[in-house]
Amino acid sequence: MNKPSPRPARILATLADLAPENVRRIAPYVPGKPIAETARELGIPEEKILKMASNESPLGPSPRAVAAIRDALDVLHYYPDGSGFELKATLAKRLELDPANFVLGNGSNDVLELAARTFLTREDSAVHSRHAFMVYPLAIQAVGAKGIVVAERDYATDLDAMAAAVRPDTKIVFIANPNNPTGTFNPWADVRGLLERLPPTVLVVIDEAYEEYLPDGLRSPTPGWLAQFPNLIVSRTLSKAYGLAGLRVGYAFADRAVAEVMNRVRQPFNVNHLAMVAACAALDDDDFIARNREVNAAGLAQLAAGFERLGLQYIPSHGNFITVRIGQGVPRVYGELLAAGVIVRPIAGYGMPEHLRITVGLAEQNARFLAELERALGKR
């Protein structure tokens, strides 16, 4: 007769205690409030809700992507191509790289986390700026590595301070250009200077989620840097300018050896078939991107002018959003906007409790938001 196993010396309070402490301490990422949830809470139709919280395309998805999805619906019973051959070939042609340079992800979040999971251990550290995309500290903490937080200079990434923060145990430096949620931009010459200063054993991950919104003179040169900087990883997404946020497709390009080891960690079939089909079509939809950039530039100017008229400070933006300082009244103003059916993004979680981040919309959407903001501030 088998004897019962002895009781463990430490009685777990909950099964969650089985998780490592670094995982239990993670504060979950809170996305922008969904339209459907807001409509249910307010008891109004979804079409009455204006969402300006998650930096989504006000023009919807790329029409070419939608057409490609319709043509691919009959093969959903097959698994997607785990290698992403067609999408990598499309990206390689567009960026003048080799398909072996690419890592595909379920959004760029996926490839950012892949970088952390592939290279960081509990003995390592990674550097990021204070007001940076929340995925960086989450990914670092999830693997038990140490995060080194660097203060910005006038809300912009302080590249000198980032370089100074690197320690002997540092393996990754995370930079977003343009940065989210501040919208600030570092000249590419300065970013390259950081790469030149850092040890070649430190990986520099540049998040270019908003690259497509940059004017022609500021577009990213990073695909041409790989030959000189094998420690460079660049992530991009099709969620923003291409309008494919609901499909979750992003990618990274890196030195072949770096991409190869990241692809070992990447889960098979992490990007679904429709997402890859849509991405291939959207990447060739230059007219749609041009229109999105035009609408975005006009919208940024419209929102900035509105904030100036209302006497509000804002951070000039190079993305498809703009961050405005409301002051200590953020919770009240956010609540009043929400009650009016306008969803924006509080960013206290980014260390900016007195600011709201506003996604650029169409002209009439921007006007509605500004009118509701003026009412919430008591200026009408």
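Residues numbered from 1 in each chain as written. Predicted model: local features only at pLDDT ≥ 70, side-chain atom pairs only at ≥ 80, totals over all residues. Heavy atoms only, no water.

Q: Help me out: how do you make sense of the packing of helix α3 (residues 63-71) against helix α10 (residues 273-282) in this one?
A: The contact between α3 and α10 brings their axes to 8 Å, and the two run at 140°. The angle between α3 and α10 falls in the class oblique. Crossing geometry of α3 relative to α10 is assigned as right-handed. Of the residues in α10, those in contact with R64, A65, A68 and I69 of α3 are L274, V277, A278, A281 and A282. Considered class by class, the residues forming the contact of α3 with α10 number 8 nonpolar, no polar and 1 charged. (Axes fitted to C-alpha atoms, helices over the stretch in contact; angles between N-to-C directions. Helix = DSSP H or I, 4+ residues; strand = E, 2+ residues; numbered from the N terminus. Parallel < 35°, antiparallel > 145°, perpendicular 65-115°, else oblique. Left-handed = near helix turned anticlockwise from the far one by under 90°. Contact = heavy atoms within 4.5 Å. Nonpolar A, V, L, I, M, F, W, Y, C, P; charged D, E, K, R; others polar.)

Q: Explanation requested: the packing of helix α11 (residues 286-309) against helix α13 (residues 363-376) in the structure shown.
A: Two packed helices can be described by the angle between their axes and the distance between those axes. Remark: α11 packs on α13, axes separated minimally by 10 Å, with the N-to-C direction vectors making an angle of 15°. On the basis of the axis angle, α11 is roughly parallel to α13. At the point where α11 passes α13, the crossing takes the right-handed sense. Residues G299, Q302, L303, G306, F307 and R309 of α11 touch α13, and the partners they reach there are A363, N366, A367, F369, L370, L373 and E374. Of the residues belonging to the contact of α11 with α13, the class tally is 7 nonpolar, 4 polar and 2 charged.

Q: So what exactly am I meant to see when it comes to empty space enclosed by the protein here?
A: Over the atoms, a rolling probe the size of a water molecule traces out where space has been left empty. Scanning the model with the defined rule gives 1 cavity of 30 Å³ or more in all. The computed volume of the largest cavity comes to approximately 40 Å³. Around the largest cavity sit D81, G82, S83, G84, L104, R266, F269, N270, V271 and M276, which together line it. Among the residues making up the lining of the largest cavity, the classes are represented as 4 nonpolar, 4 polar and 2 charged. (1 Å grid on protein atoms, 1.4 Å probe; cavity = no way out; pocket = protein on both sides within 12 Å on 5 of 7 lines; lining within 4 Å. Points joined across faces, edges and corners; volume = space filled by probe spheres on them.)

Q: So what exactly am I meant to see when it comes to the sheet that holds strand β12 (residues 345-347) here?
A: Think of a sheet as strands paired side by side through backbone hydrogen bonds, with each pair either parallel or antiparallel. The antiparallel open sheet is built from 4 strands, whose spatial order is β9-β10-β13-β12. A single partner strand is all that each edge strand has here, and the edge strands are β9 (314-315) and β12. Across the face of the sheet, α11 comes into contact with β9, β10 (321-325) and β13 (352-359) while running at roughly 10° to β10. The sheet strands contacting helix α12 (residues 330-339) are β12 and β13, and the helix crosses β13 at an angle near 30°. (Pairing = 2+ DSSP bridges.)

Q: Just checking my understanding: could you explain the layout of surface pockets for this structure?
A: Within this model, the largest pocket holds a volume of roughly 480 Å³. A breakdown of the residues in the lining of the largest pocket according to their chemical character gives 10 nonpolar, 8 polar and 6 charged. Estimates place the volume of the second largest pocket at around 240 Å³. What lines the second largest pocket is a set of 15 residues, among which K51, E56, S57, P58 and Q365 lie closest to the centre. A class-by-class count of the residues in the lining of the second largest pocket yields 7 nonpolar, 6 polar and 2 charged.

Q: I'm lost on the nonpolar core in this one. Help?
A: One recurring pattern in soluble globular proteins: nonpolar side chains tend to sit buried together. If you look at the biggest cluster of nonpolar residues, it comprises 58 residues, and the most contacted ones within it are L87, L238 and L244. If near-sequence neighbours (up to four positions away) are discounted, L87 is found in contact with L104, V249, M276, A279, C280 and L283. (Core = buried A, V, L, I, M, F, W, Y, C linked by side-chain atoms within 4.5 Å. Buried < 20%, exposed > 50% of the residue type's maximum accessible area, 1.4 Å probe, protein only.)

Q: Looking at this structure, I do not really get the pattern of salt bridges. What am I missing?
A: Any two side chains of opposite charge can pair if their charged atoms end up close together. One pass over the full model with this rule turns up 22 salt bridges. D169 serves as the salt-bridge partner of R167, at 3.0 Å between the closest nitrogen and oxygen. Residue R325 pairs with E354 through a salt bridge whose shortest N-O separation is 2.5 Å. You can see R325 sitting in strand β10 and its partner E354 sitting in strand β13, a full 29 residues away along the chain. Look at E354 and you get partly exposed, because its relative accessible area is 23%. Where salt bridges share partners, they join K33, E37 and E41 into one cluster. (Salt bridge = Lys/Arg side-chain N within 4 Å of Asp/Glu carboxyl O.)

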